[in-house]
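# What the coordinates show
Chain by chain, the residues run as shown.
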Amino acid sequence: MPCPHECADGVKCKPLCWIATTHVCRRWRNIALCAPSLWSTIDVPVNPEWTAELLRRSGKLPLYVRAWITDTSPESHKYSLELVFGQLHRIRELLYGTAGPLQMSIAKLLAGNAPLLRAVDLRGGFDDPQLPDGPEGGVTMFPALLSADRTPQLESMSLSVFLDNTAFPRPFTRNLKNFTLSIPYDGFGKLDLPTVLNILGEMPLLETFHLERRGILEDLRLEEMAHLPIIQLPHLYSLELTSSALECAALLNHLDLPYLLFLSVTAKDAGNDDFELIPALGPKIDTLGSIYRVDIDVDRTSFASPGSLRITGFDSDGPPYGRDSDYAIFEIKLRGYFYPVDVIPPLCRHVSLSSVQSLILRATCIDKRSLEALAQAMESLEYLIISGKLAHKHLLSALTPSPLADQDGTAGISEDAEESDSEQICNMPNLFSLTILRACLNTRAQFEAGDQGPWIEDLCDVLRERADAGCETPLVNIVRCSNVNKAMLSALQDALDEVDGEVTGEPNEVGENVGTFAGKFLQRI
């Protein structure tokens, strides 16, 4: 919840941090105590007398209220909350969170009119959303203040509450621009996908939407979602989804987002449902525009446990809503997924990667097929950073030119054998900067004997073949690799001299056993 003032160094502070100025001199004290704008930000205290004093000193200005009740029961704040929410018509921004259930007396106060409210953040447990004594003797649903007639200026809303499908008032506020919905656990209230889509359909001005479902939505099938309408959100530029792969796919398939600028998808149960998610991602990522850089990494707590495959795309042009020039336009995280063999090839088929100029690969579990799929899809690639065991095992096959194949998949054969030999195609033909990072490139015995080793010899041959096939000659950077000696760097430089290339790197002073912990660590980074 933003404060209307900041400290001198630009760091946001507590509402009454300025109180120290009242001790400078009598004049400063009088000015501070009589300035309503300094008292309009309220952290609701336990003492109702102090709460009343804060409200009195704030005059008639709009209020910025933060009420975070950490006790299991809000009894200690009951009277202070009644005083503050009795001024609901003055509140401009509200954060209310509780560890226990919402008391009925407070719920009734929050069901009033809030004509100035622009931002609301509600967190906690609400056992019974039905409020008795509603309009015309009916029932008012909490949070009732979110209806269009009670909060006409509401633009930002964040909900992390136990709600079911009936808990949202109708008609819903239509001026909302920023919406965060965190669904704690299905066992406390099941907000299903059709209800989420219906809610979004009532927000035609929405610009950002963040959904986080901490549980798993059971019994969800895409074929059952086919009848749901497509929701058009013409102003939405930022979409963040954290849920099952299947629910993420269903939402992507049912949202029309022509202005999308940023997409983040975190699938918590990656597996078979990825086959539904990846095709749904394609059209949305293509909407984001040209992709300049792609990073692929694996997050995991240990080498033995499954982790999260993370794929991030960047653009070189700054967006209209003010980030740095090099910014992420999409993030895909598949939790609990270790081997991306079934993810990356379909991603290359469904997402256009032809504009990618820079690729950073830190995920050593990528296999040969996946690396070659990336290399074939990224025809404009100029910069490649590849690390660890992945570089040692599969880089050479991705760089090696292959015979030009005809339409039926057989290599083209001409009458002139020499002409046939020259018919080669290269992956990443424009690659001119290759960085090999933290890889073990030789055995310790070969390192200590001053032998360049077979891997470097093969790399030199591949670079010559690429030059003969008309590919760009790369600058090869050897960075923090192990078992690198002078003979390796010299052989690589000799090969690059033949094709006007260059190598950078420093030899190691001490060799390492590949079987030691350090050697394994270097290969698995």
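Residues numbered from 1 in each chain as written. Predicted model: local features only at pLDDT ≥ 70, side-chain atom pairs only at ≥ 80, totals over all residues. Heavy atoms only, no water.

Formed by 128 residues in total, the largest nonpolar core has its most connected members in Phe 179, Phe 209, Ile 296 and Ile 436. Aside from chain neighbours lying at most four places away, what touches Phe 179 is Met 157, Leu 159, Ile 199, Leu 200, Met 203, Leu 206, Thr 208, Phe 209 and His 210. (Core = buried A, V, L, I, M, F, W, Y, C linked by side-chain atoms within 4.5 Å. Buried < 20%, exposed > 50% of the residue type's maximum accessible area, 1.4 Å probe, protein only. Contact = heavy atoms within 4.5 Å.)

Next up on the list: the pattern of salt bridges. Per the counting criterion, the structure on display carries ten salt bridges. Note that Arg 293 is salt-bridged to Asp 295, the shortest N-O span being 2.9 Å. In this pair, the class of Arg 293 matches that of Asp 295, namely buried. Taken together, the shared-partner salt bridges in this structure form one network comprising Glu 53, Arg 56 and Arg 57. (Salt bridge = Lys/Arg side-chain N within 4 Å of Asp/Glu carboxyl O.)

As a further point, take the packing of helix H14 (residues 454-468) against helix H15 (residues 486-497). Contact geometry of H14 with H15 gives a least axis separation of 9 Å together with a crossing angle of 10 degrees. Accordingly, the angle class assigned to the pair H14 and H15 is roughly parallel. Every residue of H15 that contacts H14 at Ile 456, Leu 459, Cys 460, Leu 463 and Arg 464 is listed here: Met 488, Ala 491, Leu 492, Ala 495 and Leu 496. Within the contact of H14 with H15, the residues separate by chemical class into nine nonpolar, no polar and one charged. (Axes fitted to C-alpha atoms, helices over the stretch in contact; angles between N-to-C directions. Helix = DSSP H or I, 4+ residues; strand = E, 2+ residues; numbered from the N terminus. Parallel < 35°, antiparallel > 145°, perpendicular 65-115°, else oblique. Nonpolar A, V, L, I, M, F, W, Y, C, P; charged D, E, K, R; others polar.)

Buried residues dominate strand E2 (residues 63-69), accounting for five of its seven residues. Note that strand E1 (residues 41-43) and E2 share three bridges and pair parallel. Bridge pairing in E2 links Ile 42 to Val 65. What joins E1 to E2 is helix H2 (residues 48-57), and the crossover it makes is right-handed. (Pairing = 2+ DSSP bridges. Right-handed = clockwise from strand over helix to strand, strands pointing away.)

Another aspect to go through is the environment of Leu 33. Along the polypeptide, Leu 33 turns up in helix H1 (residues 26-33). In contact with Leu 33, not counting residues within four places along its chain, are Thr 22, Trp 39 and Arg 57.

In this section: H14. Helix length check: H14 (15 residues) gives 21 Å between terminal C-alpha atoms against 21 Å at 1.5 Å per residue, within 8%. Looking only at H14, the buried set comprises Trp 455, Ile 456, Leu 459, Cys 460, Val 462, Leu 463 and Arg 466. Viewed end-on, H14 has its buried residues packed into an arc of 165 degrees, placing them on one side of the element. Next to the buried residues of H14 lie helix H11 (388-399), strand E21 (433-437), strand E22 (475-479) and H15. Gly 470 lies just past H14 and shows a positive phi near 90 degrees. (Expected span 1.5 Å × (residues − 1). Arc of directions from axis to C-beta.)

Right, let's get into the state of the cysteines. Summed over the entire model, instances satisfying the criterion amount to zero disulfides. Looking at Cys 440, it has no disulfide partner, and the nearest cysteine sulfur is the one in Cys 481, 8.8 Å off. Residue classification places Cys 440 among the buried positions, given a relative accessible area of 6%. (Disulfide = S-S within 2.5 Å.)

This paragraph deals with the packing of aromatic side chains. Across all of its chains, the model carries four aromatic pairs by this definition. Between Phe 85 and Tyr 96 the ring centres are 5.7 Å apart and the planes differ by 70 degrees, which places this aromatic pair in the edge-to-face class. Of this pair, Phe 85 sits in helix H3 (residues 78-85) while Tyr 96 sits in strand E3 (residues 91-101), and the two are eleven residues apart along the sequence. Grouping residues by exposure puts Phe 85 and Tyr 96 together as buried. When the centroid spacing of 5.0 Å and the interplanar angle of 65 degrees are considered together, the rings of Tyr 383 and Phe 432 count as edge-to-face. (Phe/Tyr/Trp six-rings, centres within 6.5 Å; stacked < 30°, edge-to-face > 60°.)

Glycine aside, residues mostly have negative phi, and peptide bonds are mostly found in the trans state. One non-glycine residue, Arg 438, adopts positive backbone phi at about 50 degrees. Along the chain, Arg 438 turns up in the loop between E21 and helix H13 (444-448). Under the relative-accessibility criterion, Arg 438 is labelled partly exposed at 28%. For Asn 483, which is not glycine, the phi torsion reads 60 degrees and is therefore positive.

A pair of packed helices can be characterised by two numbers: the angle between their axes and the separation between those axes. Their axes nearest at 9 Å, the elements helix H10 (residues 368-377) and H11 cross at an angle of 50 degrees. Judged on the interaxial angle alone, H11 and H10 are oblique. Every pair of crossing elements has a handedness; the one defined by H10 and H11 is right-handed. Between H10 and H11, the residues in contact are Lys 368, Leu 371, Glu 372 and Ala 375 and Leu 390, His 394, Leu 395, Ser 397 and Ala 398, respectively. Tallied by class, residues from the contact of H10 with H11 come to five nonpolar, two polar and two charged. (Left-handed = near helix turned anticlockwise from the far one by under 90°.)

Moving on: the pairing of strand E7 (residues 156-161). A regular strand places its side chains so that they alternate between the two faces of the sheet. Among the six residues that make up E7, five are buried, leaving the element largely enclosed by the rest of the structure. Across five bridges, the pairing between E7 and strand E8 (residues 178-183) is parallel. The residue bridging Leu 159 from the neighbouring strand is Leu 181, located in E8.

What follows is about the confidence of the model for the chain. Considering every residue of the chain, the mean pLDDT works out to 78; 72% of them sit at 70 or more. Of all helices and strands in the chain, the one with the weakest mean pLDDT is helix H16 (residues 517-524) (37), whereas strand E12 (residues 255-256) scores best (96). Ignoring residues within four places in sequence, the model shows residues 127-141, a span with pLDDT below 50, making 29 contacts including any to other chains. Of the regions scoring below 50 in pLDDT, residues 515-525 engages in 25 contacts with residues more than four places distant in sequence or in other chains. (pLDDT = per-residue confidence, 0-100.)

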